[in-house]
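Remarks on the overall topology
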Amino acid sequence: MRIRSSGEDSVSVKLSFAQASLIRECLSLAIDTPGEDRMVKLYVGSSREELESIRVMVAGIPQNASSECVFVYRQLHAIYASIAHAVVGLPSEEDFHIRTGFYRENAIALARSMRLSVSELLCSDPSQMKEG
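Description of the structure in this document.

Cut-offs used in this document
- Residues numbered from 1 in each chain as written.
- Predicted model: local features only at pLDDT ≥ 70, side-chain atom pairs only at ≥ 80, totals over all residues.
- Heavy atoms only, no water.
- Helix = DSSP H or I, 4+ residues; strand = E, 2+ residues; numbered from the N terminus.
- Rg over C-alpha atoms; globule rule 2.2 N^0.38 Å.
- Contact = heavy atoms within 4.5 Å.
- Areas by Shrake-Rupley, 256 points an atom, 1.4 Å probe, with all protein chains shown as cover.
- Buried < 20%, exposed > 50% of the residue type's maximum accessible area, 1.4 Å probe, protein only.
- Polar contact = N/O pair within 3.5 Å; in protein donor to acceptor, adjacent residues only side chain to side chain.
- Patch = residues over 30% accessible without salt bridge, like charges linked within 9 Å, V, L, I, M, F, W, Y side chains within 5 Å.
- Salt bridge = Lys/Arg side-chain N within 4 Å of Asp/Glu carboxyl O.
- Axes fitted to C-alpha atoms, helices over the stretch in contact; angles between N-to-C directions.
- Parallel < 35°, antiparallel > 145°, perpendicular 65-115°, else oblique.
- Nonpolar A, V, L, I, M, F, W, Y, C, P; charged D, E, K, R; others polar.
- Disulfide = S-S within 2.5 Å.
- Expected span 1.5 Å × (residues − 1).

Bringing the overall build of the protein into the picture now. Each helix and strand counted, the protein has six helices and three strands in total. Along the protein, from the amino end to the carboxyl end, the secondary structure elements read β-β-α-α-α-β-α-α-α. Whereas a compact globule of 132 residues would reach a radius of gyration of roughly 14 Å, the protein reaches 14 Å, a difference of no more than 12%. C-alpha atoms of the protein, sized along the principal axes, occupy 40 × 35 × 25 Å. Contacts in the protein between residues at least 24 apart in sequence constitute 66% of all its contacts with a sequence separation of at least 6. Put simply, the protein shows about 7,200 Å² of open surface, and 54% of that area lies on carbon and sulfur atoms.

Dropping the structure here:
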């Protein structure tokens, strides 16, 4: 995953179709959380409405291709938290694979790649450390 600055409080993320599909499934799992919107906000820090808008953004990546998506840091956090929510929330590897179509190790690798890419960006460009 490549993440680069796209303005003062946004980043451009290059996603493959597979990465976008995994993110979309993790966002869907968070959106489908039973109960009030407060539970979704507790798990991922964003409302169902916000998660749905992110899901729509990543859904447009064509198969066998990669594409750039621009996110503000709040949206990037929601993606990261949705991946973590899926890894923690599904009780077994089998449940995770059935629900998402991916293995847990794929989700963990994607989250680690995100974390590393953001860390590299912030260390190379301190102006990106402003909250947004």
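Still to come is the rest of the account.
Our next topic: the environment of Ser21. Along the polypeptide, Ser21 turns up in helix H1 (residues 17–31). Ser21 sits 51 residues away from Val72 along the chain, and the two C-alpha atoms are 20 Å apart.

You can see Arg55 is positioned in helix H3 (residues 48–59). On the basis of relative accessible area, Arg55 is assigned to the buried category, the value being 19%. Within the local environment of Arg55, its side chain forms a polar contact with the side chain of Ser28, the two groups lying 2.6 Å apart. Apart from the residues within four sequence positions on either side, Arg55 is in contact with Arg24, Leu27, Ser28 and Ile31.

Moving on: unusual backbone geometry. If a residue is not glycine, its phi is most likely negative; likewise, a peptide bond is most likely trans. Of note in the backbone geometry, Asn64 takes a positive phi value of approximately 60 degrees without being a glycine. Looking at where Asn64 falls in the secondary structure, it is placed in the loop between H3 and strand E3 (66–72).

Bringing a nonpolar patch on the surface into the picture now. Nonpolar side chains collect at one region of the surface, where Met39, Leu42 and Tyr43 lie side by side and expose about 300 Å² of accessible area between them. Among the structural elements, Leu42 can be located in helix H2 (residues 37–44).

Let us look at the packing of H1 against helix H4 (residues 73–89). One can describe the packing of H1 onto H4 by two numbers: an axis separation of 8 Å at closest approach and a directional angle of 75 degrees. With respect to their mutual orientation, H1 and H4 come out roughly perpendicular. Contact with H1, carried on its side by Ile23, Cys26, Leu27, Leu29 and Ala30, involves Ala78, Ile79, Ser82, Ile83, His85 and Ala86 of H4 and no other residues of that element. Its residues assigned to classes, the contact of H1 with H4 comprises nine nonpolar, two polar and no charged.

The next thing to look at is the state of the cysteines. The full count for this structure, using the stated rule, is zero disulfides. The thiol of Cys26 is unpaired, and the distance to the nearest cysteine sulfur, on Cys69, comes to 15 Å. Looking at Cys26, the relative accessible area reads 1%, which means it is buried.

Across its 17 residues, H4 extends 23 Å between first and last C-alpha, which sits within 8% of the 24 Å expected from 1.5 Å per residue. Among the residues of H4, those classed as buried are Tyr73, Gln75, Leu76, Ala78, Ile79, Ala81, Ser82, Ile83, His85, Ala86 and Val87.

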